[in-house]
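Below, each chain spelled out in residue letters.
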Amino acid sequence: MSPIAAHAARDRLRIAIQKSGRLAEPARSLLAACGLSWRESRDKLFCYGESLPVDLLLVRDDDIPGLIADGVCDLGVVGRNELNEQAGERAANGLPQAYCELRPLGFGGCRLMLAVPDEWDWQGPAQLQGRRIATSYPSILAAWLREQGIEAGVVELSGSVEIAPKLGTADLICDLVSSGATLRANLLKPVETLLESEAVLAGPVREFDDARAGLMAMLLRRMDGVLARRDSKLLMFRAERDAVDALARLLPEADPLTALPGGEDGPLSLQTMCHGAVTWQLLEELERAGARGLMVLGVERALE
Ligand code: ATP
Ligand code: ZN
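To start, this report covers the structure provided alongside it. Think of each chain on its own: its residues are numbered from 1, step by step along the sequence as written. All chains are assigned letters beginning at A, and all ligands numbers beginning at 1, according to the order in which they are written. It should be noted that, the model being predicted, local features are given only for residues of pLDDT at least 70 and side-chain atom pairs only at 80 or more, the latter also being counted only at that level, while totals for whole chains, interfaces and linings use all residues. Side-chain numbers come from the whole structure's heavy atoms, not from hydrogens or water.

Details of the pattern of salt bridges
Next up, step 1: The term salt bridge refers to a pairing of a side-chain nitrogen on Lys or Arg with a carboxyl oxygen on Asp or Glu at a separation within 4 Å. Enumeration according to the criterion identifies 13 salt bridges in this entry.
Next up, step 2: Arg39 is the salt-bridge partner of Glu50, the closest N and O atoms lying 3.8 Å from each other. Placement of the pair is Glu50 in the loop between β3 (46–49) and β4 (54–59) and Arg39 in strand β2 (residues 38–40), with a sequence separation of 11 residues.
Next up, step 3: For Arg39, a relative accessible area of 48% translates into the label partly exposed.
Next up, step 4: The structure contains a network of salt bridges with shared partners spanning Arg10, Asp74, Asp210 and Arg212. In this text, helices come from DSSP runs of H or I with a minimum length of four residues, and strands from runs of E with a minimum of two, each type numbered from the N-terminal end. Partly exposed describes any residue whose relative accessible area lies between the buried limit of under 20% and the exposed limit of over 50%, with all areas from a 1.4 Å probe on protein chains only and scaled to the type maximum.

Quick look at the structure:
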């Protein structure tokens, strides 16, 4: 697709997500929770939006920042690690900033960390002077080394970074870590965090001046409704009036209790939005304090 065609006015929004991998399924379910649905094409690289004019392009995560920069896609769901790395690369090549992080999405959490062989006695970044560090994130690593005032060799590898010290191609590594199991299996230990990462919604720095502007505003509003309520639960129960204060004290992580309109006598019907965990233990405590008919409901979507 030529850049001219890509930047021409469009009345459909195109979102790039990972085709397969860690971010693929959570990205799709987040977009589905925002009310989007698609007709899948046979090659499954392009999904035509049915409920709204919002199409999906299924690609490798590494391609997403570039697709946004070139205007081929309007939005993308990608790890902050990938987005920052490619932004750094663009800057190093004298290219203008082309995309930005619109929303953190709360999944795909990981850290870009330095990890050294287990037997190292880690005392701090000064120890890295003159060492060789293997990584798939040369731009983020180089920026961090500059900040620390350290000169070290950056060995760029596209995969299997964690075996570089064993192979002797590097002394230590800079790689993504979530549980740490891969590091342990390779007799490495994490010592410094360069970046806290998670999946983000990325978009272009320039604003749309066609139908995509409205579509994007609607999508962002819906997404905020989904993200803000993701861990919220609606708690409903009945209780006598004189028990309400004690019950409210048991719910510090909830909105104030609201009584639903009902009769003058008898128990009140109460509800509140809980933002912390609603455990069995909490429900049992509420019951002991006089709550009856307790019910916990997940919140699928909300407009604020
Ligand atoms: P692709 O085929 O799309 O290039 P990939 O192998 O580069 O896939 P994945 O391993 O699926 O990608 O990782 C995608 C993103 O998931 C990473 O860029 C990162 O943001 C996030 N992530 C979360 N935890 C981890 C982890 N332990 N290791 C690697 N990535 C992680
Ligand atoms: Zn990738």
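Here the narrative resumes.
Section: the coordination of the zinc ion (ligand 2)
Next up, step 1: Coordinating N, O and S atoms are those within 2.8 Å of the metal (3.2 Å for Na, K and Ca), and as water is not part of the atoms, a site may appear to have fewer donors than expected. Of the protein atoms, only Asp61 (OD) and Asp62 (OD) coordinate the zinc ion (ligand 2), at distances of 2.0 to 2.1 Å.
Next up, step 2: Relative to the metal, the four donor atoms surrounding the zinc ion (ligand 2) lie at angles of 71 to 176°, and the coordination shape comes out irregular.
Next up, step 3: Given the relative accessible area of 28%, Asp62 is considered partly exposed. A four-donor site is called tetrahedral if each angle lies between 85 and 135 degrees; a four-donor site is square planar, and a six-donor site octahedral, when trans pairs exceed 155 degrees and the remaining angles lie between 65 and 115; all other cases are labelled irregular.

Focus on the packing of helix α2 (residues 24–33) against helix α8 (residues 211–229)
Next up, step 1: Here the axes come from fitting lines to C-alpha atoms, over the contacting stretch only for helices, and the angles between their N-to-C directions go from 0 to 180 degrees. Contact geometry of α2 with α8 gives a least axis separation of 9 Å together with a crossing angle of 105°. One way to sum up the angle between α2 and α8 is to call them roughly perpendicular. Residues Leu30, Leu31 and Ala33 of α2 pack against Leu219, Met223, Val226 and Leu227 of α8.
Next up, step 2: Here the nonpolar group is Ala, Val, Leu, Ile, Met, Phe, Trp, Tyr, Cys and Pro; Asp, Glu, Lys and Arg are the charged ones; every other residue, Gly included, is treated as polar. A breakdown of the residues in the contact of α2 with α8 according to their chemical character gives seven nonpolar, no polar and no charged. Here is the rule for angles: anything less than 35 degrees is roughly parallel, anything more than 145 is roughly antiparallel, 65 through 115 is roughly perpendicular, and the remaining ranges are oblique. Only heavy atoms matter for contacts: two residues are in contact if any of them lie within 4.5 Å across the pair.

Focus on the sheet that holds strand β7 (residues 110–117)
Next up, step 1: As summarised here, the arrangement of the five strands in space is β9-β8-β10-β7-β11, forming an open sheet in which the pairing is mixed. Of all the strands in the sheet, just β9 (153–156) and β11 (188–197) have a single pairing partner and so form its edges. Adjacent strand axes in the sheet meet at a mean angle of 25° when their direction is disregarded.
Next up, step 2: Note on pairing: two strands pair once DSSP finds at least 2 bridges between them. Note: β7 against β11, eight bridges, orientation antiparallel. Across the sheet, Leu114 pairs through a bridge with Glu192, a residue of β11.
Next up, step 3: Along the sheet, helix α4 (residues 80–92) contacts β10 (172–177) and β11; its crossing angle with β11, the most-contacted strand, is approximately 75°.

What about the sheet that holds strand β15 (residues 268–274)?
Next up, step 1: Taken in spatial order, the four strands make up an open sheet running β14-β15-β13-β16, and their pairing is antiparallel. The strands lining the two open edges of the sheet, one partner per strand, are β14 (258–260) and β16 (292–298). Neighbour to neighbour, the strand axes of the sheet diverge by 25° on average, direction disregarded.
Next up, step 2: Relative to β15, β14 runs antiparallel, the two sharing three bridges. By the bridge assignment for β15, Thr258 is matched with Gln271.
Next up, step 3: Packed on one face of the sheet, helix α10 (residues 280–288) meets β13 (233–239) and β16 and runs near 150° to β16.

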